[in-house]
Amino acid sequence: LTLFLPVFLTRCGVRADLTIFCMVLAELPGGVAAAVLMDRCGRVATMRGFLAAACAFAMLTTVASATGGGASLVLGSVGVYMFMIPVWSILFVLTPEAYPTSMRARASSIFQTIQGIPGCCAPLLSAVVVSQRPTWLYMALWSLLLGLNAVVAQMLPVEKRIGLGMREEQP
């Protein structure tokens, strides 16, 4: 999403530098909210909510880019980052907690390796999509992918011990 975002914003007639600054700034309250909600509501529930919110803001950005709504485009972009980036923090906390001590390092390394696969493909796909017309197609793709992630997150089991941290194996 980030690599070709300046091109997308410029094509939509929005000042990319200021918008991206606001987006990065929005990660801070999003991260704080995620940290608080993870212990109150649980990791999985927080991730579900954040993915759904990021998808909703991505859809707002898609509609705004299709209709020429500059302020809505900026608001949607800021909202996407406020809710999308903290999902990584949630995953980094959730992954080791989901496995017993003997498997934590292996599970975390497998997670890191697997998440690199879409990370290698996304810039190629984004380059193709951002060069296409209509301009809103770029954000429509990201809305779809965020929606897909939100749906998959609904399939994850909810942790039973909210706020209790990692489980330890008994000797």
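The paragraphs below set out a description of the structure included in this document. These numbers were taken from a predicted model, which means no experiment stands behind them.

Cut-offs applied
- Residues numbered from 1 in each chain as written.
- Predicted model: local features only at pLDDT ≥ 70, side-chain atom pairs only at ≥ 80, totals over all residues.
- Heavy atoms only, no water.
- Helix = DSSP H or I, 4+ residues; strand = E, 2+ residues; numbered from the N terminus.
- Buried < 20%, exposed > 50% of the residue type's maximum accessible area, 1.4 Å probe, protein only.
- Contact = heavy atoms within 4.5 Å.
- Areas by Shrake-Rupley, 256 points an atom, 1.4 Å probe, with all protein chains shown as cover.
- Lys, Arg positive; Asp, Glu negative; His and termini not counted.
- Charge placed at Lys NZ, Arg CZ, Asp CG, Glu CD.
- Axes fitted to C-alpha atoms, helices over the stretch in contact; angles between N-to-C directions.
- Parallel < 35°, antiparallel > 145°, perpendicular 65-115°, else oblique.
- Left-handed = near helix turned anticlockwise from the far one by under 90°.
- Phe/Tyr/Trp six-rings, centres within 6.5 Å; stacked < 30°, edge-to-face > 60°.
- Patch = residues over 30% accessible without salt bridge, like charges linked within 9 Å, V, L, I, M, F, W, Y side chains within 5 Å.
- Salt bridge = Lys/Arg side-chain N within 4 Å of Asp/Glu carboxyl O.

Time to look at the overall build of the protein chain. Summing up its helical and strand segments, the protein chain has 7 helices and 0 strands in all. Starting at the N terminus, the α and β elements of the protein chain follow one another as α-α-α-α-α-α-α. For the protein chain, the C-alpha atoms occupy an extent of roughly 60 × 30 × 25 Å along the three principal directions. In the protein chain, which comprises 171 residues, the proportion classed as buried is 36%. A fraction of 73% describes how many contacts in the protein chain between residues 6 or more apart in sequence connect residues 24 or more apart. Accessible area for the protein chain stands at about 9500 Å²; split by element, carbon and sulfur atoms hold 72% of it. Treating the 11 positive side-chain charges of the protein chain as one cloud and the 7 negative ones as another, the clouds have centres 7 Å apart.

In this section: the packing of helix 3 (residues 43–67) against helix 7 (residues 137–154). In the contact formed by helix 3 and helix 7, the axes pass within 8 Å of each other and the chain directions differ by 160°. Classified by the angle between their axes, helix 3 and helix 7 sit roughly antiparallel to one another. Our pair here, helix 3 against helix 7, has a crossing hand that is left-handed. In contact with Val44, Met47, Arg48, Leu51, Ala52, Ala54, Cys55, Ala58, Met59, Thr61 and Thr62 of helix 3, helix 7 contributes Met139, Ala140, Ser143, Leu146, Gly147, Asn149, Ala150, Ala153 and Gln154.

Enumeration according to the criterion identifies 5 aromatic pairs in this entry. Between Phe57 and Phe83, the aromatic rings sit 5.8 Å apart at their centres with planes inclined by 15°, giving stacked as the arrangement. Within this pair, whereas Phe57 is found in helix 3, its partner Phe83 is found in helix 4 (residues 70–84), the two being separated by 26 residues in sequence. Taking relative accessible area as the criterion, Phe57 reaches 23% and is therefore assigned partly exposed. Pairing Trp88 with Phe111 gives two aromatic rings, centres 6.3 Å apart and planes at 50°, and the pair type is tilted. With a gap of 23 residues between them, Trp88 in helix 5 (residues 86–97) and Phe111 in helix 6 (residues 104–130) connect regions that are remote in the sequence.

Taken together, the side chains of Leu18, Phe21, Leu25 and Leu28 present a nonpolar region at the surface, about 420 Å² in accessible area. Note on placement: Phe21 falls in helix 2 (residues 16–41). Taking the relative accessible area as the measure of exposure, Phe21 reaches 52% and is therefore exposed.

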